[in-house]
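A structural walkthrough
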Amino acid sequence: MSASAGPPASPARKRSVVRSLLRLWPYVRPVRAPVFGAAGVAIVAASMGLIMPLILKWIVDGPVADGDTTGLWLGGGLLLLIGYVEAVLFWLRRRLVARPLAGVEAGMRAALYGHLQRLPVTFHDRWPTGQLLSRGTGDLQLLRMFLAFGLTFLIVNTATIVIGFGVLMAQDWLLGLVLIVPVVPLIALCWLFETRFTVVARRAQDQMGDLTTVIEESILGIRIIKGFGRHRSQARAFRALSRQLMETELHKTRLLSLIWLVILALPELFLGIALVIGVNQVADGSLTAGTLVAFTTTAMALRWPIESIGFLLAMCNESATAADRFFEVMDAEVTPETGRETGAAGAGGAGDAAPDGLRFENVVFRFPDSPPGSPPVLDGVDLHVRPGETLALVGGTGSGKTTLIGLVPRLHELTSGRILLDGTDIATLTRQEVRARVAVAFEEPTLFSASVRENVLMGSDGAGQDDLARALRVSQADGFVRALPQGVETEVGEQGLSLSGGQRQRLALARAVVGRPGFLVLDDPLSALDVHTEARVEAALRDVLSETTALVIAHRPSTVQLADRVALLSGGRVAAIGTHTELLHTNAEYRHLMTGEQTEVSVS
Ligand SMILES: Nc1ncnc2c1ncn2[C@@H]1O[C@H](COP(=O)(O)OP(=O)(O)OP(=O)(O)O)[C@@H](O)[C@H]1O
Ligand SMILES: [Mg+2]
């Protein structure tokens, strides 16, 4: 049950290529007909290539020996025809698999994306973005190429080799035997190669993921990098990683060229030996010239299938690694949904439960990956936000405020204790039900590359034009939104970077209030606003807050003014609760936080 650790740095565990690739079957199953059909077509095409030597044999021993011109034309025509049929079959193979396999790739990508959306926040805290990006793009592309090309030719070329050797043995078993001899050491060498190549291939793919992470971070963090003049050191770090990847790729190439050398040189040597024996046999009349021609052309036709084995094995390896990397993410556990799956009778929402507000009962929370023995971030929080009340949550930086409110929409699961919405334990609700009743706005106002309208309406399923206008008014965003080039239809850039910090924050606030949520949870919603805007947003927020039960994290007295009561979070517990004035008089830590006044009480 323990959450699987972060992205594995190196392929420590021994794994089987075949087992990894077999895991792809569920995705390939729906398109098995065209895929195997294509392999069948390719085998027929390859067999055509093996018929050619037999026709040659007939031409040499028949028409050529007898000086029969008509037979020569006939044979030539037949060769041409078979050549064309072979070409058309190869075209057909490609046509058959292209669309179904593009579908498989798209399907796997959709599955990965869907899974990433469901995975808990703790997973995303742990996994670098670039690793996930490279798995969703490069690795899946590699798998499609493997299924379209690698797998087919592994089957086809193996079949061709087996049939080809059958044909060779049938023509002259002695010569055939000479050619089979090098196959044994060849297979042994390929085996050895495979084990060494796997390790390096995995390293290359992981390093690619790290590199993607660096690129992604430096693009997202371009302002910081420029602002601190870090582009040189950033470029240095990038170069170091990129050089590392280059070395790994070169290592791969060295291994690959070595196996190619063996695969090319060994059969060549034995073909030479077979030719010498064959010529001698023709000279003493125990073999016809036609048979020797057929024999050598068959052997030549087998060159590509044999040569390709090394390359295909490498591809198998890389694909198995890609499959492993894909399934590492897919295997990461989604926290089980404990709530009722179906909202059948009585799940009508807040209406049927007596309003009881938001209750935290002895809430304990520790991050799953925190070192053992360290104290939990939240250690027995008891708090009751009464129905309709606005409660401000105050606490030193790092005291666990953001963590506490993240528990309400179930971004994290409690270690122990309960959280109740109008008397209903959120653990008995599905995440979807919880999130329909609770709206949140976080410290970092995240906007998506979409229009202002889409960004705000994301906050609620049923909200319409009026709700949008009201939400923008409440968050005092209507003024600047109207001034945007296309009003609410203006696309705000990636992460809303084309807007100012305060503007982004106001849109995030609009998103939180657009659905008139029963419960509103805000993480310092006014921190980036100037005093004048802040006063206006506060005035408008007051109306919204009067209709809902709200928990608002506050760092400044002005935000605290919005609240009916204030709770002080300290040492993982609610240390004090009361009105702003009460706490100012009775609690030294609170006084220190709100006024910056030095006190005799030590604040940890
Ligand atoms: N994903 C995480 N994994 C492990 N520890 C975390 C994680 N997120 C936060 N923490 C730790 O939990 C503690 C509480 O963090 P939290 O963000 O809740 O503080 P906060 O009260 O919101 O602070 P601030 O006022 O600065 O926003 C901090 O010590 C922090 O280091
Ligand atoms: Mg915080």
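This structure is a prediction, so every number in the text was calculated from the model and none was measured. (Residues numbered from 1 in each chain as written. Chains lettered and ligands numbered in written order. Predicted model: local features only at pLDDT ≥ 70, side-chain atom pairs only at ≥ 80, totals over all residues. Heavy atoms only, no water.)

Along the protein, the regular secondary structure elements total 22 helices and twelve strands. On C-alpha atoms alone, the protein measures out to a radius of gyration of 35 Å, which is more than a quarter above the 25 Å that the 2.2 N^0.38 rule sets for 604 residues. Each of the three principal axes of the protein carries a C-alpha extent, and together these read 120 × 50 × 50 Å. By residue count, 45% of the 604 residues in the protein fall in the buried class. Here the analysis covers contacts within the protein between residues at least 6 apart in sequence; of these, 77% occur between residues at least 24 apart. Only carbon and sulfur atoms are counted for the fraction: they give 62% of the accessible area of the protein, which is about 30000 Å². Charge centroids of the protein, computed over 55 positive and 58 negative side chains, lie 3 Å from each other. (Helix = DSSP H or I, 4+ residues; strand = E, 2+ residues; numbered from the N terminus. Rg over C-alpha atoms; globule rule 2.2 N^0.38 Å. Buried < 20%, exposed > 50% of the residue type's maximum accessible area, 1.4 Å probe, protein only. Contact = heavy atoms within 4.5 Å. Areas by Shrake-Rupley, 256 points an atom, 1.4 Å probe, with all protein chains shown as cover. Lys, Arg positive; Asp, Glu negative; His and termini not counted. Charge placed at Lys NZ, Arg CZ, Asp CG, Glu CD.)

Taken together, the neighbourhood of ligand 1 is formed by 13 residues, with D125, T397, K401, T402 and T403 sitting nearest. A distance of 2.9 Å separates an oxygen atom of ligand 1 from a polar backbone atom of G398. Here an oxygen atom of ligand 1 sits 2.9 Å away from a polar atom, N or O, in the main chain of G400. Protein burial of ligand 1: of its 640 Å² of free accessible surface, 63% is covered by the chains. Considering every element that reaches the shell around ligand 1, the biggest residue donor is helix α13 (residues 401-406), with three residues. Looking at the shell around ligand 1 residue by residue, the classes come out as two nonpolar, eight polar and three charged. (Near = heavy atom within 4 Å. Polar contact = N/O pair within 3.5 Å; in protein donor to acceptor, adjacent residues only side chain to side chain. Nonpolar A, V, L, I, M, F, W, Y, C, P; charged D, E, K, R; others polar.)

Turning next to the sheet that holds strand β1 (residues 358-365). Two pairing modes exist for strands in a sheet, parallel and antiparallel, and in both the strands are linked by backbone hydrogen bonds. Pairing in this open sheet of four strands is antiparallel, and the strands run β2-β1-β4-β5 from one edge to the other. Unpaired on one side and paired on the other, β2 (378-385) and β5 (424-425) mark the two borders of the sheet. Of the strand pairs in this sheet, β1 and strand β4 (residues 416-421) are connected by five bridges, and their pairing is antiparallel. Paired with L358 across the strands is L421, a residue of β4. (Pairing = 2+ DSSP bridges.)

Turning our attention to the sheet that holds strand β6 (residues 438-441). Taking strand neighbours across the sheet as the criterion, the six strands line up as β6-β9-β10-β3-β11-β12 in an open arrangement whose pairing is mixed. Each edge of the open sheet is held by one strand with a lone partner, namely β6 and β12 (573-578). Strand-to-strand twist across the sheet, computed as the mean angle between neighbouring axes with direction ignored, equals 20°. Across four bridges, the pairing between β6 and strand β9 (residues 519-523) is parallel. Looking at β9, one finds that A439 is bridged to L520. Sheet strands touched by helix α22 (residues 588-595): β3 (390-395) and β11 (565-570). Its angle to β11, the strand with the most contacts, is close to 100°. (Axes fitted to C-alpha atoms, helices over the stretch in contact; angles between N-to-C directions.)

The next subject is helix α10 (residues 231-283). For α10, built from 53 residues, the straight-helix expectation of 78 Å at 1.5 Å per residue is met to within 8% by its first-to-last C-alpha distance of 76 Å. Turning to α10, its buried residues number three or more, namely L241, L245, T248, K252, L255, I259, I263, F270, L271, A274, G278 and Q281. Those residues of α10 that are buried lie in contact with α7 (173-180), α8 (183-220), α11 (289-301) and α12 (303-331). Taken from the residues just after α10, G285 is the one with a positive phi, measuring 80°. (Expected span 1.5 Å × (residues − 1).)

Right, let's get into the pairing of β12. The pairing of β11 with β12 spans five bridges and is classified as antiparallel. Its bridge partner lying in β12, S570 is registered against R573. Hairpin geometry of β11 and β12 is characterised by an intervening segment of two residues between the two adjacent antiparallel strands and by a positive phi of about 60° at G571.

The predicted model of the protein averages 83 in pLDDT, with 92% of residues at 70 or higher. Long-range and interchain partners of residues 1-5, a stretch whose pLDDT sits below 50, account for eight contacts in this model, where long-range means more than four residues apart. Below pLDDT 50 for its whole length, residues 8-13 participates in ten contacts with residues either more than four positions away or in separate chains. (pLDDT = per-residue confidence, 0-100.)

Glancing now at a positive patch on the surface. A contiguous patch of positive charge, built from R230, R232, R236 and R239, is present on the exposed surface. Assignment of secondary structure puts R232 in helix α10. (Patch = residues over 30% accessible without salt bridge, like charges linked within 9 Å, V, L, I, M, F, W, Y side chains within 5 Å. Salt bridge = Lys/Arg side-chain N within 4 Å of Asp/Glu carboxyl O.)

Interaxial distance between helix α18 (residues 501-513) and helix α19 (residues 531-547) falls to 13 Å at its minimum, and their mutual angle equals 5°. The angle between α18 and α19 places the two elements in the roughly parallel class. Taken together, the residues of α19 that come into contact with α18 (itself represented by R506, L509 and V513) are T533, V537, L541 and V544. Counted by class, the contact of α18 with α19 contains five nonpolar, one polar and one charged residues. (Parallel < 35°, antiparallel > 145°, perpendicular 65-115°, else oblique.)

So, about α12. Compared with the 42 Å implied by 1.5 Å per residue over 29 residues, the 41 Å span of α12 between its first and last C-alpha is a close match. I309 marks where α12 bends most, by close to 35°. Across the 29 residues of α12, 24 count as buried, placing the element largely inside the fold. (Bend = angle between axes of the 7 residues up to and from the residue.)

Another point: a nonpolar patch on the surface. The grouping of V88, W91, L92 and L96 at the surface amounts to a nonpolar patch, some 360 Å² of accessible area in total. Counting through the fold element by element, L92 comes out in helix α4 (residues 69-118).

This next bit is on the packing of aromatic side chains. Ring pairs (aromatic) are described by centroid distance and by the angle formed between their planes. As enumerated under the stated definition, the model contains nine aromatic pairs in all. Taking the centre distance of 5.1 Å and the plane angle of 25° together, the rings of F123 and W127 count as stacked. In terms of burial, F123 and W127 fall into one category: buried. Its guanidinium or amino end placed over the ring of F327, R23 lies 4.0 Å from that ring's centre, counting from NZ or CZ. (Phe/Tyr/Trp six-rings, centres within 6.5 Å; stacked < 30°, edge-to-face > 60°. Lys NZ or Arg CZ within 6 Å of the ring centre and 35° of its normal.)

Here we take up the nonpolar core. Within soluble globular proteins, side chains that are nonpolar generally end up buried alongside one another. The biggest cluster of nonpolar side chains holds 36 residues, and the ones touching the most others in it are V456, L472, V481, L507, L520 and L541. The set of elements that each furnish at least two residues to this core consists of β6, α15 (452-457), α16 (465-474), α17 (478-483), α18, β9, α19 and β10 (549-553). If near-sequence neighbours (up to four positions away) are discounted, L507 is found in contact with L447, V452, V456, L472, A477, F480, V481 and L499. By size, the runner-up hydrophobic cluster in this structure holds 32 residues, among which are L119, C316, A323 and F327. (Core = buried A, V, L, I, M, F, W, Y, C linked by side-chain atoms within 4.5 Å.)

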